[in-house]
Amino acid sequence: MRNTLVLNASYEPLSTVSLQRAVVLVLQEKAEIEQAHPLRAVRATGLSVPVPKVIRLRRYVRVPFRQRAAWSRRGVLVRDQHLCAYCGRRATTVDHLVPRSRGGADSWLNTVAACAEDNQRKADRTPEQAGMVLLRRPFEPTPQASLMLALGLRAGEAAELAQWLPQPAAA
């Protein structure tokens, strides 16, 4: 099941949460469902809640302005679509281009998603030292892009949530 988009009380996109967390927020009356799956519901004894796609918090949450997306292992895997940067197979680990033992940081530009085999083959070396070529260069996503990636939307699904998401700036 995909994540649920969380809006602030002012309808600004804040983050994503799991289906379970979204239902708990609704049941605790901390959030309201703004958009739900039309044919799906979470059922319990004497209770049925539509499966939320978008929820809105009832109280405004003050969020400091964030110019950069926070780095995380999960974020790197999502950014790289769970595809190995070396071979293109399914990635389950995060590889540091400059190993941490050599001063490499946990940062968007120093990490890529990798399959376990390629991560072990590269070991404590740079890709150049290991004779490995990156299929794509790492990049730092914008906070808005990282929110879109966290939602895990397929090509046609973005239109369903378009009214709730920030629109890209016109060039």
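Cut-offs and rules
- Residues numbered from 1 in each chain as written.
- Predicted model: local features only at pLDDT ≥ 70, side-chain atom pairs only at ≥ 80, totals over all residues.
- Heavy atoms only, no water.
- Helix = DSSP H or I, 4+ residues; strand = E, 2+ residues; numbered from the N terminus.
- Polar contact = N/O pair within 3.5 Å; in protein donor to acceptor, adjacent residues only side chain to side chain.
- Contact = heavy atoms within 4.5 Å.
- Pairing = 2+ DSSP bridges.
- Buried < 20%, exposed > 50% of the residue type's maximum accessible area, 1.4 Å probe, protein only.
- Axes fitted to C-alpha atoms, helices over the stretch in contact; angles between N-to-C directions.

Draft legend 1. Representation of the side chain of Asp80 within the structure. Relative to the assigned elements, Asp80 resides in the loop between helix H2 (73-79) and strand S5 (93-96). In this structure the side chain of Asp80 is engaged in a polar contact, spanning 2.8 Å, whose partner is the side chain of Arg79. At 2.8 Å, the side chain of Asp80 forms a polar contact with the backbone nitrogen of Ala113. Excluding anything up to four places from it in sequence, Asp80 contacts Val112, Ala113 and Arg136.

Draft legend 2. Region of interest: the pairing of strand S3 (residues 31-44). As defined by bridge partners, S3 adjoins strand S4 (residues 47-57) across 9 bridges and the pair is classed as antiparallel. Residue Glu32 lies in a different strand from S4, and its bridge partner there is Arg56. Turn length for the S3-S4 hairpin, with the two strands adjacent in sequence and antiparallel, is 2 residues, and the turn residue Gly46 shows positive phi of about 70°.

Draft legend 3. Broad picture of the pairing of strand S6 (residues 111-114). The alternating pattern of S6 places Thr111 and Ala113 on one face and Val112 and Ala114 on the opposite face, and all of these are buried. Direction of pairing for S5 relative to S6: antiparallel, over a ladder of 4 bridges. Its bridge partner being in S6, Thr93 is matched across the sheet by Ala114.

Draft legend 4. Highlighting the side chain of Arg79. Residue placement: Arg79 occurs in helix H2. Within the structure, Arg79 has its side chain in polar contact with the backbone oxygen of Thr111 (distance 2.7 Å). Within the structure, the side chain of Arg79 is placed 2.8 Å from the backbone oxygen of Phe139, a separation counted as a polar contact.

Draft legend 5. Broad picture of the sheet that holds strand S2 (residues 13-17). In spatial order, the strands read S2-S1-S4-S3; together these 4 strands make up an open sheet with mixed pairing. The open sheet is flanked by S2 and S3, the only strands paired with a single partner. Looking at each pair of strands side by side, their axes are set apart by 40° on average, direction ignored. The pairing of strand S1 (residues 4-7) with S2 spans 4 bridges and is antiparallel. The residue bridging Leu7 from the neighbouring strand is Pro13, located in S2. The sheet contacts of helix H1 (residues 19-27) involve S1, S2, S3 and S4, and relative to S4 the element is tilted by about 95°.

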